[in-house]
Amino acid sequence: MEMFIIRGGKPLRGIVEVQGAKNAALPIMAAAIAAEGPLTLHNVPDLGDIRTQAALLRQLGVDVERTAERTYRLQTRRPQECLAPFDLVRRMRASICVLGPLLARRGRACVALPGGCHIGHRPIDLHLKGLAALGADFRMQQGYVVGTARRLRGTTIDLAGPRGSTVTGTCNVMTAAALARGTTVIHHAAREPEVEDLAACLNRLGASIAGAGTSTLVIDGVDALGSAAHSVLPDRIEAATLMCAAVITRGAVQIRRARPEHLAAVIDALERIGAVVHCQADRVTVTAAAEMCPLDIVARPYPGLPTDVQAQLTAVLTQAAGVSRITDTVFPDRFMHVSELMRLGAEIHREGASAVVRGPTPLPGAQVIASDLRASAALVLAGLAASGETILRRIDHLDRGYERLEERLRALGGDVLRTVDTPAGIVPRRSSPPGGGLVPPHFRTPSALAERVTVCSRRTKG
Ligand code: UD1
């Protein structure tokens, strides 16, 4: 298993570029199912989740060809396929984005239920409600959603959920409605920029979608979607993570190809912490303050503070002088990073959907384990700020959403090494303690472990 060794305490300085947005690329790739002609996508990030989506689409009869670095060409070849198997869907929840395009274009879908995950309960009732309103029928069969539909019919749909709207649910219903007969109006649509990017791509394919970026979408259905080329928008969550990295290490970083208009809530939070943020059309420059102020922040649907940046901000606030409260209204249980941050030295306790952080706490460094994508980013940030060495395991979570993060952090002056843990990394020690029996396995110290790992010059995953 690969892992990071992070030697912290070095301020990040310099210039870095953000990649294309994973959360825009995934539903846009799925939309290729709904199109007749090829869809050429530029600025697609090189990530685990993108490879998973490509594998799923191939399974569903779509040719997915990487024609250049960051460019994919997607073209349906076998439209009779409709099975999204559990083995692929379980790897990534966003696989559910194939449901709407399959029903709209092929009239059948058999998609494994994505289930819950480490960030909490994640139902798909709103996806099903919206698609059923368009005329699809569903039944559950052995862990699969089996859907059938004749030509979908436009209607009025309300996608309000108990915690706001649904991002991938809006993507599913919007893509399906693009091919429905008549007009669909979606109330309480998600306003996230990734939904707007999907709408822009669908319009390039020939759809007629108005209102993207607002909570009301008006979609005039068309008979078919053709071919198009589209460039995926820059990743605001990656940009926000790099901004947090500048602040927590007390550095100064310019993040290029970022869209400041998509980062307003993050910029506001970092400015209230004390950082100086300078915005230009396609870049954001963040300069940390020597002293950080505590905050009371709440993650909400866009344009609120993203839940996908909640963990990273929690890491930053361990270094603020005073008590901070971080509440997540979107995923109230999304606090798996808290116990690992505490292992690194943070002082945090949970109060319902909130984490209360007392800072600033020295972070000496420790061995920690990533539980999910954004939790791993938070642990990398804390490791960069730690005075000692941090070993972060299960970085496969990180690789799902950040492209070669260690290389880019190193270019900014961070000391982050990708290594492979050898089987000898944990050595059980047999001895006879008083009372007999085995003592628990002995974990060697991080620096000793660092000497025994094999350094990967470059990842080799395909
Ligand atoms: C997307 C993002 C994810 C982000 C999340 C919230 C992608 C690929 N993933 O996930 O990174 O954290 O938005 O910004 O874009 N809900 C229901 N019923 C549903 C669907 C959702 O109650 O049918 C609830 C969820 O449990 C959650 C809230 O609505 O509390 C928002 O979830 P949703 O926007 O659907 O998240 P995803 O689209 O899965």
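In case you missed it, the structure is sitting above this.
Remember, predicted model here, so these are calculated numbers, not experimental data. (Residues numbered from 1 in each chain as written. Predicted model: local features only at pLDDT ≥ 70, side-chain atom pairs only at ≥ 80, totals over all residues. Heavy atoms only, no water.)

Colleague: For the site of the ligand, give the residues involved together with the corresponding values.
Modeller: By nearness alone, 21 residues border the ligand, and Asp125, Thr166, Thr168, Asp308 and Val330 come closest of all. For the ligand, an oxygen atom lies 2.6 Å from a polar atom in the side chain of threonine 166. The separation between an oxygen atom of the ligand and a polar main-chain atom of valine 330 is 2.6 Å. With the chains in place, 91% of the 740 Å² that the ligand exposes on its own is no longer accessible. At the level of secondary structure, the elements contributing two or more residues to the shell around the ligand comprise α5 (125-133) and α6 (167-178). In the shell around the ligand, the residues fall into 8 nonpolar, 7 polar and 6 charged. (Near = heavy atom within 4 Å. Polar contact = N/O pair within 3.5 Å; in protein donor to acceptor, adjacent residues only side chain to side chain. Areas by Shrake-Rupley, 256 points an atom, 1.4 Å probe, with all protein chains shown as cover. Helix = DSSP H or I, 4+ residues; strand = E, 2+ residues; numbered from the N terminus. Nonpolar A, V, L, I, M, F, W, Y, C, P; charged D, E, K, R; others polar.)

Colleague: Describe the pairing of strand β16 (residues 276-280), and please don't skip the residues or the numbers.
Modeller: Bridge count for β16 against strand β17 (residues 283-287) is 5 bridges, and the pairing is antiparallel. Across the sheet, histidine 278 pairs through a bridge with threonine 285, a residue of β17. Connecting β16 to the antiparallel partner β17 that follows it, the hairpin turn spans 2 residues. (Pairing = 2+ DSSP bridges.)

Colleague: I'd love a proper account of helix α11 (residues 336-343), names of residues and values included.
Modeller: Taken together, the buried positions of α11 are His337, Val338, Glu340 and Leu341. On its buried side, α11 packs onto α10 (310-317), β20 (347-351), β21 (354-359), β22 (367-369) and α12 (373-385). (Buried < 20%, exposed > 50% of the residue type's maximum accessible area, 1.4 Å probe, protein only. Contact = heavy atoms within 4.5 Å.)

Colleague: Please provide a residue-by-residue account of the packing of helix α9 (residues 264-273) against α10, values included.
Modeller: The description of two helices packed together rests on the angle between their axes and the distance between the axes. Running from N to C, α9 and α10 cross one another at 5°; their axes reach a closest spacing of 12 Å. For the element pair α9 / α10, the angle class is roughly parallel. On the side of α9, the interface is formed by Ala269, Leu270 and Ile273, while α10 contributes Leu313, Val316 and Leu317. A class-by-class count of the residues in the contact of α9 with α10 yields 6 nonpolar, no polar and no charged. (Axes fitted to C-alpha atoms, helices over the stretch in contact; angles between N-to-C directions. Parallel < 35°, antiparallel > 145°, perpendicular 65-115°, else oblique.)

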